[in-house]
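Commentary on secondary and tertiary structure
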Amino acid sequence: MNDKDEDLQQQFDRGDFHAEGIEAQVYQKVFDALKREPEFTLPVDFADRLVTLVEEKERVREISRDNFWLGLGLFSMVITLIVAFALTEFKLSVGIFQFFSGYPGLVSFGTAFILLLNWIDKKIIRKIEAF
Amino acid sequence: MIDDRALVSRIMSGDKQAFRLLIKQHERLVAHMVSRLVDRNEDREELCQDVFLKVYEKISLFSFQSKLSTWIATIAYRMGINHLRKKKIELSDIPEEESFTSHFVSDSDPQESMENNEIETMTLKLIDQLPPHYKTILTLYHIDQMNYAEIGEVTGMPEGTVKNYLFRARNLLKEKVKKYLGKEQLL
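Note that the coordinates shown come from a computational prediction; the quantities given were computed from them, not determined experimentally. (Residues numbered from 1 in each chain as written. Chains lettered and ligands numbered in written order. Predicted model: local features only at pLDDT ≥ 70, side-chain atom pairs only at ≥ 80, totals over all residues. Heavy atoms only, no water.)

Side note on the nonpolar core
Judged by nonpolar contacts, the single largest core of 70 residues is most densely connected at Phe19(B), Leu22(B) and Leu68(B). With residues near it in sequence (within four places) discarded, Phe19(B) still touches Val51(A), Val54(A), Ile11(B), Phe52(B) and Tyr56(B). Ranked by size, the runner-up nonpolar core spans five residues in total, among them Leu8(A), Phe12(A), Ala24(A) and Phe31(A). (Core = buried A, V, L, I, M, F, W, Y, C linked by side-chain atoms within 4.5 Å. Buried < 20%, exposed > 50% of the residue type's maximum accessible area, 1.4 Å probe, protein only. Contact = heavy atoms within 4.5 Å.)

Structure representation (structure tokens):
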């Protein structure tokens, strides 16, 4: 590239173009084409779709995280039980269940209460947190 | 209009509306860059999507050392180049050989093209034939109005190289168009 080309290009870049001749005319065409935007455009709902995708990814990540903690909790519980059984030399017997058979009302109430708490947590508390 | 710092802060706090705004503000820039580098529309849209997902993922790392648009363009450029590498597309320098434009200059019917006022279209086709780095620099400079320093930041090239590539590419395009017009006048 020679100085003349450089000078012409700089004139176009500055927007104060004065030169004449074939070189200048051709540069004019090149610069006009360069300013034309590519025809490709993204769909009008591109941003909305992407935000939905991000939300979905976050939801999946959150579920995975919850599952991880649940698994870790269960694993810890099993380990703790094993250690506790070993340390206390605990022997599992059916005696404890015979004790419960004397209090059917208390067992029913306890079960129903735990189910109710879970239902409230699922239907009401989590919905409130979501807002 | 919301400034970059406030926008980034809102996105980091989980505001999806702010992320939607960021996409709207920068989708043209990303589409320009990607469409110059990638041929198929399906690939283009997918790559644009991946660029913005990466932006969302890495937004906490943005340190405001540059404009947000420059940072996003950097991600788009790198992902575009990686896409080309995966597709094993050559990232070479400008080809000097005659075959570079032979398809457009020799094989086509210039008269027919001129009748359809196709010089600009032909120039755009020539731009498409340029190596990816050159196309990116031309797009960022002429369409997205970035300066040499910003383009250097996006592409990782020194300012002098950016300037040199820009002048070389435009000079090459001028020579090819001139040759085309010369043939046209001979007919």
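Still to come is the rest of the account.
Some points on the packing of aromatic side chains
As enumerated under the stated definition, the model contains twelve aromatic pairs over all chains in all. Arranged with centres 4.7 Å apart and planes meeting at 55 degrees, the rings of Phe19(B) and Tyr56(B) form a pair that is tilted. Residue Phe19(B) is found in helix α2 (residues 16-37), and its partner Tyr56(B) is found in helix α3 (residues 41-58); the two are separated by 37 residues along the sequence. An identical accessibility class is assigned to Phe19(B) and Tyr56(B); each is buried. Joined through ring pairs, the aromatic side chains of Phe12(A), Tyr27(A) and Phe31(A) make up one cluster. (Phe/Tyr/Trp six-rings, centres within 6.5 Å; stacked < 30°, edge-to-face > 60°. Helix = DSSP H or I, 4+ residues; strand = E, 2+ residues; numbered from the N terminus.)

Side note on the interface of chain B and chain A
Of the residues lining the interface, 38 residues belong to chain B; the matching set on chain A comes to 34 residues. Carbon and sulfur atoms make up 67% of the area that chain B and chain A hide from each other, which totals about 3600 Å². Run the count over chain B and chain A and you get nine salt bridges. Between Arg36(A) and Glu120(B) there is a salt bridge whose closest N-O contact spans 2.6 Å. Taken together, the connections running from chain B to chain A amount to 16 residue pairs in polar contact (both at pLDDT 80 or more). For the side of chain B that touches chain A, the elements supplying multiple residues, two or more each, are α2, α3, α7 (119-129), α8 (132-142) and α10 (159-186) of chain B. Considering every element that reaches the side of chain B that touches chain A, the biggest residue donor is α2(B), with eleven residues. (Buried area = accessible area lost by both parts, 1.4 Å probe. Salt bridge = Lys/Arg side-chain N within 4 Å of Asp/Glu carboxyl O. Polar contact = N/O pair within 3.5 Å; in protein donor to acceptor, adjacent residues only side chain to side chain.)

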